[in-house]
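One letter stands for each residue in the lines below.
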Amino acid sequence: MADTRGQLRSGTVVLGGMGLLAAALTACSSEPDKRCVDRDSYTAARGYRVVSDQNCRSAKSSADGAYYYGGKKKSGWVSGGSFTVPAKGSGGSSGGHGVHRGGFGHGGGHGGSGG
């Protein structure tokens, strides 16, 4: 009976590890969060109107389409992002904050006695 419990625990650990790996790979996707928007549709209250991706791929579209990275989408409109492609490792839609280094007690890079 104890042998069966040990096998179940090890199986759970393997499955849990696979879930973490899948989540990490999804979070580190090479494709940034982007939407095609009409550059001429901006309003302060709503942001930019999201349009079909074909408006960003074709010069013969009815809208002045451009890819908009990050931001929050609400009811066919997006705001809070940028037309600039985020640098790799910048966190995509997390506001452009990269990896913070420093470990435990990181306090803005001050070292020593502070005197």
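Scroll up for the structure.
Report on the accompanying structure.

### Considering the state of the cysteines
Okay, step 1: Overall, the coordinates contain 1 disulfide when judged by the stated rule.
Okay, step 2: Two residues, C36 and C56, share a disulfide whose sulfurs are 2.0 Å apart. Taking the sign of the torsion about the S-S bond as the criterion, the disulfide between C36 and C56, at about 100°, is right-handed. Remark: C56 occurs in helix α2 (residues 54-57) and C36 occurs in strand β1 (residues 34-43); sequence separation between them is 20 residues.

### Quick look at the pairing of β1
Okay, step 1: Relative to strand β3 (residues 65-74), β1 is paired through 5 bridges, and the arrangement is antiparallel. By the bridge assignment, K34 is partnered in β3 with Y69.
Okay, step 2: When β1 meets strand β2 (residues 47-50), the two strands line up antiparallel, connected through 3 bridges. Bridging from a neighbouring strand, D38 pairs with R49 of β2.
Okay, step 3: Counted along the chain from β1 to the antiparallel partner β2, the turn is 3 residues long.

### With respect to the sheet that holds strand β4 (residues 77-82)
Okay, step 1: Strand order in the closed barrel formed by 4 strands is β1-β2-β4-β3, with antiparallel pairing between adjacent strands. Across the sheet, the mean angle separating the axes of adjacent strands is 70° when strand polarity is ignored.

### A short note on unusual backbone geometry
Okay, step 1: Unlike most non-glycine residues, S75 shows phi in positive territory, near 55°.
Okay, step 2: The topology assignment puts S75 in the loop between β3 and β4.

### Quick look at the pattern of salt bridges
Okay, step 1: All chains considered together, the criterion is met by 3 salt bridges.
Okay, step 2: Linking D33 and R35 is a salt bridge whose minimum nitrogen-to-oxygen distance equals 3.5 Å.
Okay, step 3: Using a relative accessible area of 18% as the deciding quantity, one classes R35 as buried.
Okay, step 4: Note that D38 is salt-bridged to R49, the shortest N-O span being 3.0 Å. Linking D38 in strand β1 with R49 in strand β2, this pair joins segments that are 11 residues apart in sequence.

Parameters and conventions
- Residues numbered from 1 in each chain as written.
- Predicted model: local features only at pLDDT ≥ 70, side-chain atom pairs only at ≥ 80, totals over all residues.
- Heavy atoms only, no water.
- Disulfide = S-S within 2.5 Å.
- Helix = DSSP H or I, 4+ residues; strand = E, 2+ residues; numbered from the N terminus.
- Pairing = 2+ DSSP bridges.
- Axes fitted to C-alpha atoms, helices over the stretch in contact; angles between N-to-C directions.
- Salt bridge = Lys/Arg side-chain N within 4 Å of Asp/Glu carboxyl O.
- Buried < 20%, exposed > 50% of the residue type's maximum accessible area, 1.4 Å probe, protein only.

Nothing here speaks to function; it is geometry throughout.
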